[in-house]
Amino acid sequence: MSDIKYDVAIVGAGPAGLSAAIVLAKAGVNVIVVERGRFPGAKNVMGGVFYTDCMKGIVEEFPNGAPVERHIIEQRMWMIDDESYVGFGHKNAKFDKEPYNCHTVLRAQFDKWLAKQATDAGALIVNKTVVTEPIMEDGKVVGIKTGRPEGDIKANCVIVADGVNSLMAKSLGFRAKLKKESVALAVKEIIGLDEKVINDRFNVTGSQGVTIEMTGSLFKGAEAMAFLYTNKKSVSLGVGMIIEDMMKHNINPNELIESLKKHPAISPLIAGGETKEYLAHMIPEGGYNDMPQLVGDGVMITGDAATMVNAVHREGSNLAITSGKLAAQTYLEAAEEGDFSSAALSSYIDKLQESFVMSDLKKYKALPKLLQKNRQLLDKYPKLMNDAAFELLTVDGISKQEKQKHIWKNMKQQIGFTNMLKDLYKIWRSVG
Amino acid sequence: MRLEDKLYLIGFKVDEVGGSHLAIKDKSVCLACEMKQCLYICPCGVYEIDEIKNEVSINYDACVECGTCRVSCDEIDWHYPRGGFGVAYKFG
């Protein structure tokens with residue numbers, strides 16, 4: 001590998017790296033993608049919802065030929081407590097019309113397919129190869145070192161897309177260490193179920209699917225975020241928690257997902273299912289304020305490696321794909337002048353600013369900190385809602401007025417009226 | 001479902017030659033560590049107490065490379081496995 005110089009070297013064959021590779025290869029750029037897994041997707045995990053719109057300009061007529069599972073026509077949101085939930089949902093026939101808004105996907109298959117699109121376009125993908133560090137010359141990134149003998153790869157520009165742990169961003173000195181208060185661990189199981197059983201249980205037909213997002217406390221009083229997504233012949237059931245909270249509450253991730261599987265709202269939905277795979281992955285939830293330096297001389301950072309996750313809307317892969325695309329476009333412009341300095345590449349940041357990526361990350365930038373400092377928002381409120389719903393809906397001879405009084409009293413005791421107003425204001429400030 | 005049975009479902013290629021990609025920088029720190037979060041926070045139970053040696057042992061062959069240990073403890077010397085080794089998910 002050492003004798004050839006590439007135009008662009010990409011670290012990591014996930015959505016960000018592959019979308020960059022596709023755009024560059026289509027433009028005739030000599031691009032190499034280095035992936036440490038046995039195949040692209042081998043190490044990649046997400047909940048499973050992939051949004052269609054971001055594929056514009058990358059893969060035409062998506063999702064034709066792509067390994068997607070079900071298109072989502074109903075999204076449920078539940079505030080859960082130990083043995084109950086209060087929820088609402090949105091099912092819309094408009095979501096049942098092409099182009100579909102989003103699909104569930106399984107990343108081992110999906111990323112392999114996306115990689116095929118990149119190689120078809122002319123990119124070279126090298127698997128089973130770890131990138132160890134950047135090659136620096138006069139303070140500029142001029143390539144990457146790999147774990148292979150004579151494995152140095154020289155390039156005009158390096159696109160870093162090595163995911164949440166991004167040892168590249170660390171080795172470039174672009175980011176401080178990951179913070180336990182803003183990174184979540186999610187564990188997931190793929191639970192095999194008969195297609196017909198899934199259709200009956202979720203009230204769908206054909207390739208229609210349903211997602212359920214859950215927030216609240218279901219184990220040891222710690223605030224968790226959980227999800228259940230329907231695939232064709234399986235469901236993806238997962239639960240995530242901020243690592244600092246796991247430490248505070250002595251949470252074992254396997255016990256956490258086992259307790260979710262036993263939750264009375266979940267267990268009937270997965271009954272009779274067989275676990276096919278157990279997975280774990282971190283999610284960078286720190287948002288805008290946790291973003292690393294995005295550009296240096298000869299280098300750009302994309303996707304999870306750049307903390308591009310919108311946790312509120314469970315979006316990540318679409319931000320990754322978009323950032324990869326914008327990094328590729330930035331390279332193409334820079335190549336016209338032959339200037340890959342950080343000043344030239346800084347238009348990558350401008351492009352991110354103009355897109356939904358930075359706009360959404362900025363919109364919710366105060367939220368991670370707010371939730372860190374105000375755990376009651378995700379813990380006490382779901383519990384209060386569940387208690388209130390139970391009380392109001394139980395007919396036991398007590399008047400509705402009495403019940404309402406009692407609910408208010410309970411809320412005031414748990415949180416306090418002024419605090420409730422403050423919380424409302426804080427949420428409005430953060431997401432409004 | 002027991003963790004052992006779940007780990008059995010995951011595709012691994014263990015690097016017998018290269019050995020562990022995980023290490024503890026200073027094992028004496030573990031003895032004084034009160035929280036010992038590595039013992040419960042790892043989703044795959046990679047870290048265990050070795051009663052005989054009286055130290056934390058690392059079952060690197062069960063590691064899915066999530067990185068939770070390195071975020072929760074500064075003493076973990078965390079690397080990726082060599083290229084092609086480690087976890088390879090079937091579904092993802």
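Residues numbered from 1 in each chain as written. Chains lettered and ligands numbered in written order. Predicted model: local features only at pLDDT ≥ 70, side-chain atom pairs only at ≥ 80, totals over all residues. Heavy atoms only, no water.

A. Region of interest: empty space enclosed by the protein. Throughout the structure, instances matching the rule amount to 2 cavities of 30 Å³ or more. Within this model, the largest cavity holds a volume of roughly 80 Å³. Taken together, 13 residues form the lining of the largest cavity, with Cys42, Val46, Cys63, Cys66 and Cys69 of chain B sitting closest to its centre. For the lining of the largest cavity, the per-class residue count stands at 11 nonpolar, 1 polar and 1 charged. Reported here for the second largest cavity is a volume of approximately 30 Å³. Looking at the second largest cavity, the residues that line it are Leu384, Asp387, Ala388, Glu391, Ile407 and Asn410 of chain A. (1 Å grid on protein atoms, 1.4 Å probe; cavity = no way out; pocket = protein on both sides within 12 Å on 5 of 7 lines; lining within 4 Å. Points joined across faces, edges and corners; volume = space filled by probe spheres on them. Nonpolar A, V, L, I, M, F, W, Y, C, P; charged D, E, K, R; others polar.)

B. Representation of the interface of chain A and chain B. Each side of the interface is counted separately: chain A has 49 residues, and chain B has 38 residues. Summing the contributions of chain A and of chain B, the shared interface buries around 3600 Å²; its carbon and sulfur component is 56%. Considering only the surface of chain A that becomes buried against chain B, Met247, Glu277 and Tyr278 of chain A emerge as the three largest contributors, covering 18% of it. Taken together, the connections running from chain A to chain B amount to 5 salt bridges. Remark: the boundary between chain A and chain B carries 24 residue pairs in polar contact (both at pLDDT 80 or more). (Contact = heavy atoms within 4.5 Å. Buried area = accessible area lost by both parts, 1.4 Å probe. Salt bridge = Lys/Arg side-chain N within 4 Å of Asp/Glu carboxyl O. Polar contact = N/O pair within 3.5 Å; in protein donor to acceptor, adjacent residues only side chain to side chain.)

C. Region of the structure containing the layout of surface pockets. Residue and element names in this part refer to chain A. For the second largest pocket, the calculated volume is near 400 Å³. For the lining of the second largest pocket, the secondary structure elements donating two or more residues are strand 8 (131-137) and helix 3 (167-171). At 3 residues, the largest contribution of residues to the lining of the second largest pocket is made by helix 3. Partitioning the lining of the second largest pocket into residue classes produces 7 nonpolar, 6 polar and 4 charged. (Helix = DSSP H or I, 4+ residues; strand = E, 2+ residues; numbered from the N terminus.)

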